[in-house]
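Fold and geometry: a report
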Amino acid sequence: MKSIILRAGTRYLAGLLLLFSVYMLLRGHNEPGGGFIGGLIGSTGFVLYAIACGTKDARSALRLSPQNIAMAGLGIALLAGLMAALFGDALFTGQWLFIGDRESGDYIPLSSVLVFDIGVYLVVFGSIIALVFAMEEEI
Amino acid sequence: MSATADPPRKSVVGLLPVALAAGLFTWFCTFLPAVAAGEVVRLAWDWVPSMGIALSFVFDGLSLTFALLISGIGVGVFLFSYTYLASYAHFGRFMWFLSAFMLAMLGLVLADNLIALFVFWELTTITSYLLIGFGHETKNGRRSALQALFVTGAGALALLAGFILMGLEAGTFEISEILAQDALRGSSLYIPILILVLAGAFTKSAQFPFHFWLPNAMAAPTPVSAFLHSATMVKGGVYLLARLYPGLSGTEAWIWSLTIAGGFTAVFASVLAVKQTDLKQTLAYTTLMALGTLTLILGQSGGYAMTAFVTFLITHSLYKASLFLMIGCVDYGTGTRDADVLGGLGRLMPVTAAAAGLAALSMAGLPPFVGFIAKELAYAGALEVPSSTLLVAGASLAANALMFAVAGIVAFKPFWRAAAGMETPRTPREAPWTMLLGPLVLAALGLVFGLAPGLLQGTLIDSTVAGLMAAAADPKELKLWAGVNVPLLLSLATFAIGFVLYAGHQPFRRALNAMAPALPNFDSMWDKFLDSLKGFAAWQTRIIQPGVLRLYVFATFTTVLLAISGTMIAKGAVPALPDLSDVTWKNWALVALLIVGAVLTCVTRSRITAMAALGVVGIGVAIIFITFSAPDVAITQLLVETLVIVLVAVALLRLPTLRLDGEEGWRPLDAALAAALGLTVTLVLLAVLETPIDLRLTAYFEATSWPEAFGRNIVNVILVDFRALDTFGEIAVVVIAALSAYALLRTTSERKDT
């Protein structure tokens, strides 16, 4: 699409969407959001970029091939699930580590659940982009 | 664990599998004293405790016998492959496959849990598929691999059903507990369980009429044949029958099905063995004979039969692996395996000839080899059978006499008779020691155990027989000289008939070849079966998938409509009209928006309008979610809607305009279907709302989401924690769908480019 306005706008919008997608991913455990929604938002950013600037530019901006991203996401999600085995729990049992004081609420929670959600994010992100790029290039 | 993907030839890395097998063999040997003393060692790890599935392993006489055979023969086979296959392009891959197979097989024979056993069973099926199809450049290699996979895979499905029935009946999947209950024979499900288990075991162990895959599987490289089709995989079925023997045997159904299938397979296969000229094919049929004999013996009961089972099992594994490897040496040294071409190799390949001789004497059942003892015991067992002595002894006699003849054809003629005058492709030379060691040691063990049967008796045989017969254990002594008795007379008869058959095997073979066209050929019947299956698939594809997208959609929606409305009418679930008094004007406006969007999508002639209208519908649904406070679902709906519109826009706007002849404008049939489906779904939703909701799960999630899963967003906590396995399955589906769609799109685009 040869629209200079869209192209100029996309530069900022795509970045913002990506940033927002990570925000949605990270807040997902307590507020509306999560890996699925984050992945959808993130992919929207790149889809917009592909429409405005062409898939060639979008591909080079992404650096990695979207299929690889999706596969990596699946692998990360699996690893997150397998992590439970290290602690002797059943598969996909969430593992938590709280850095700081839980009582006062001043702490950083780390968990295998977040790793799993990141995997979901990458799967959704990669799969949609792979599809859209392929359709853009094919048709 | 073993070799890397592509190691430098002849590097030490290629010997890692040898070390693996040798290490396992040594480890298994450490169990010998305990098992010989009658103990049963168990190792167990929880796997899916909620379903009673555990990775439990048991070391008793039976499993240890198998484990030692698998790992011990594995050492010889790996060492052999190291030289024999060194020039293969995919040597590393081959070693990986073979190592994986060995581990799967060990898991199979050691597992004490039906489900674990099944998983290992299928792992052997898959790895053997890869190994049989190792020469996948050839059509024959692919066909053989696929045939073995289909036949054994189909049997495995039956087996799984049998295992589940058994587990449900007994209330546990642990084999040792099921056998301890000893309640299967009295169960009303006994016959179904037996049929399903036998289907699995007979396909795996290639019993008639599922025998045809095994000779074809000889398309595999020789070490694979030596390992899979002598000592290990095909014995998997026999192992299973032996493992379940205490729980299932002894009934009329068991006795007769095993006796008939085993006896027929043994005789039928040994006749066909004489017919073959390719030495490897000959051995393949003798393997069928051995499996038939083992099945036949397991159909019986009593101390002699059980002792004969274990002894013959060990004997056969030793001589058959040795003979297969020997044939590999001959092939390596001369370039051919044709029995009609080979001759006079004894002087040129003395060590191979010695190994072949030792193995063949055991196979022929001559004293003082362990093969003789096994045969004597089998005859003694046949004389006290509960079915028909004449049948069992007669089948054994015929099979053993033919074995005698085959031993001569395979291991005497190529070495000690003058060559047929035809040139071998290569000048015969002795194989290197790495290839000779395995067959020589295995063959020599046949002699050692024959001379000193006590080595086997006290360690493996007594404990296995004890396991098979439980309280009534009555292991018989292995001895070379048991006095002049009926088994000895039968043995002498065997030698006499066997010698005559060997001397006359050429005319016999000609006669068989002349008869062959008249007999049913299962291999070509298999082809016909596959062809008709493909024909049926093509026929129903033509009917169901004519290639017109609109027809697919029409068929799908009609099916859905009929299924739903049919169910509702059958159940009489007609919902009452809902109370609409508390619907606000905002909600009414939303509904109106949705209706307008939907109608506009249907009636507009412009694609861009249709997409925009469809978007209105989607966003309207998202607003409904927001109104009823489901923000996560609303966000997802909104985003999915956006992306769908983008995808549809990419596709539709660039497609050429279609002119549908006579289908322009008003299409009453489609409209009626759409209206009916919409109405039905509405009614279903209303009916669903009328049924009281079970809120226990909701309450559970609300209560535990924060304290146990540390999350306040219940939807997300369910997705990534409570139901993480489901989510994992779903994202796997997403990836597969994306990759498939991508692959479809890319293939056409590449075609366009070129």
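Note that the structure is a prediction, hence the values are computed from the model and not measured.

Topic: the environment of W539 of chain B
When you line up the elements, W539 of chain B lands in helix α22 (residues 522-544). Here the alpha-carbon distance between W539 of chain B and L108 of chain B, two residues 431 residues apart in the chain, equals 40 Å.

Some remarks on the interface of chain A and chain B
Quite often, the size of an interface is put as the accessible area lost when its parts meet. Contacts between the two partners involve 43 residues from chain A and, on the opposite side, 39 residues from chain B. Looking at the side of chain A that touches chain B, the elements with two or more residues in it are α2 (35-53), α4 (66-86) and α5 (112-138) of chain A. Top element by residues in the side of chain A that touches chain B is α5 of chain A. It accounts for 16 residues. Across the side of chain A that touches chain B, the residue classes tally to 27 nonpolar, 11 polar and 5 charged.

Remarks on the nonpolar core
Counting residues in each nonpolar core, the largest one holds 199 residues, and the members touching the most others are I70, L131, F309, L323, A359 and L402 of chain B. At 20 residues, helix α14 (residues 303-334) of chain B tops the list of elements feeding residues into this core. In this view, L323 of chain B contacts L283, A356, A359, V410 and A411 of chain B; residues no more than four positions away in its chain are not counted. One finds A50, L74 and F133 of chain A together with I731 of chain B within the second-largest nonpolar core, a separate group that totals 57 residues.

Describing the pairing of strand β2 (residues 53-59) of chain B
Residues and elements named next belong to chain B. Among the 7 residues that make up β2, 5 are buried, leaving the element largely enclosed by the rest of the structure. Two elements, strand β1 (residues 41-48) and β2, share 7 bridges in a ladder whose sense is antiparallel. Bridging from a neighbouring strand, V48 pairs with I53 of β2. Hairpin remark: β1 followed by β2, antiparallel, with 4 residues in the connecting loop; positive phi at G52, about 70°.

Remarks on the packing of α4 of chain A against α5 of chain A
All names here are of chain A. α5 packs onto α4 with a crossing angle of 160° between their chain directions and a minimal axis gap of 7 Å. Here α4 is positioned roughly antiparallel relative to α5, judged by the angle of their axes. For the pair α4 and α5, the sense of crossing is left-handed.

With respect to the packing of helix α13 (residues 279-298) of chain B against helix α17 (residues 389-416) of chain B
Residue and element names in this part refer to chain B. In contact at an axis separation of 11 Å, α13 and α17 are set at 155° when each is read in the N-to-C sense. Classified by the interaxial angle, the pair formed by α13 and α17 is roughly antiparallel. Every pair of crossing elements has a handedness; the one defined by α13 and α17 is left-handed. Residues L279, T282, L283, T286, M289, T293 and L296 of α13 touch α17, and the partners they reach there are V392, A395, S396, A399, M403, V406, I409 and V410. In terms of residue class, the contact of α13 with α17 is built from 11 nonpolar, 4 polar and no charged.

Thoughts on the confidence of the model for chain A
Interpretation of this model should avoid reading the predicted coordinates in detail wherever pLDDT is low. On average, residues of chain A carry a pLDDT of 87, and 99% of them reach 70 or more. Within chain A, the lowest mean pLDDT, 77, falls on strand β1 (residues 96-101) of chain A, and the highest, 91, falls on helix α1 (residues 4-27) of chain A.

Let's talk about the pairing of strand β2 (residues 106-111) of chain A
Examined bridge by bridge, β1 of chain A and β2 of chain A share 6 bridges and lie antiparallel to one another. The residue of β2 of chain A that forms the bridge with W96 of chain A is S111 of chain A.

Structural notes on unusual backbone geometry
For the peptide bond that leads from F208 of chain B to P209 of chain B, omega is 0°, which places it in the cis range. Within the fold, P209 of chain B resides in the loop between α8 (190-204) and α9 (213-216). In this structure, R63 of chain A takes a positive phi of about 70° despite not being glycine. Structurally, R63 of chain A can be placed in the loop between α3 (55-62) and α4. You will see that S629 of chain B, though not glycine, has its phi angle at about 45°, which is positive. Considering the arrangement of structural elements, one finds S629 of chain B in the loop between α25 (607-627) and α26 (631-652).

Cut-offs applied
- Along each chain, numbering runs from 1 in the same order as the chain's sequence is written.
- As they are written, the chains are lettered A onward and the ligands numbered 1 onward, keeping that order.
- In keeping with the model being predicted, local features are shown solely for residues with a pLDDT of at least 70 and side-chain atom pairs are shown and tallied solely at 80 or more, while totals for entire chains, interfaces and linings include all residues.
- Comment: elements are numbered from the N terminus, with helices defined as DSSP H or I runs of at least four residues and strands as E runs of at least two.
- Whether two residues are in contact depends on their C-beta atoms, placed from the backbone: they are in contact if these lie within 7 Å.
- Basically, the charged four are Asp, Glu, Lys and Arg, the nonpolar ten are Ala, Val, Leu, Ile, Met, Phe, Trp, Tyr, Cys and Pro, and anything else, Gly included, counts as polar.
- By our criterion, buried Ala, Val, Leu, Ile, Met, Phe, Trp, Tyr and Cys residues that link up through C-beta atoms within 7 Å make up a nonpolar core.
- Buried residues are those with 20 or more other C-beta atoms within 10 Å of their own C-beta, exposed residues have 12 or fewer, and partly exposed residues lie in between; C-beta atoms are placed from the backbone.
- In short, DSSP must find at least two bridges between two strands for them to pair.
- Angles shown run from 0 to 180 degrees and are taken between the N-to-C directions of axes, each axis being a line fitted to C-alpha atoms and, for helices, limited to the stretch in contact.
- Roughly parallel means an angle under 35 degrees; roughly antiparallel means over 145; roughly perpendicular covers 65 to 115; every other angle is labelled oblique.
- A clockwise turn of the near helix away from the far one marks a right-handed crossing, whereas an anticlockwise turn of less than a right angle marks a left-handed crossing.
- pLDDT gives the predictor's per-residue confidence on a scale running from 0 to 100.

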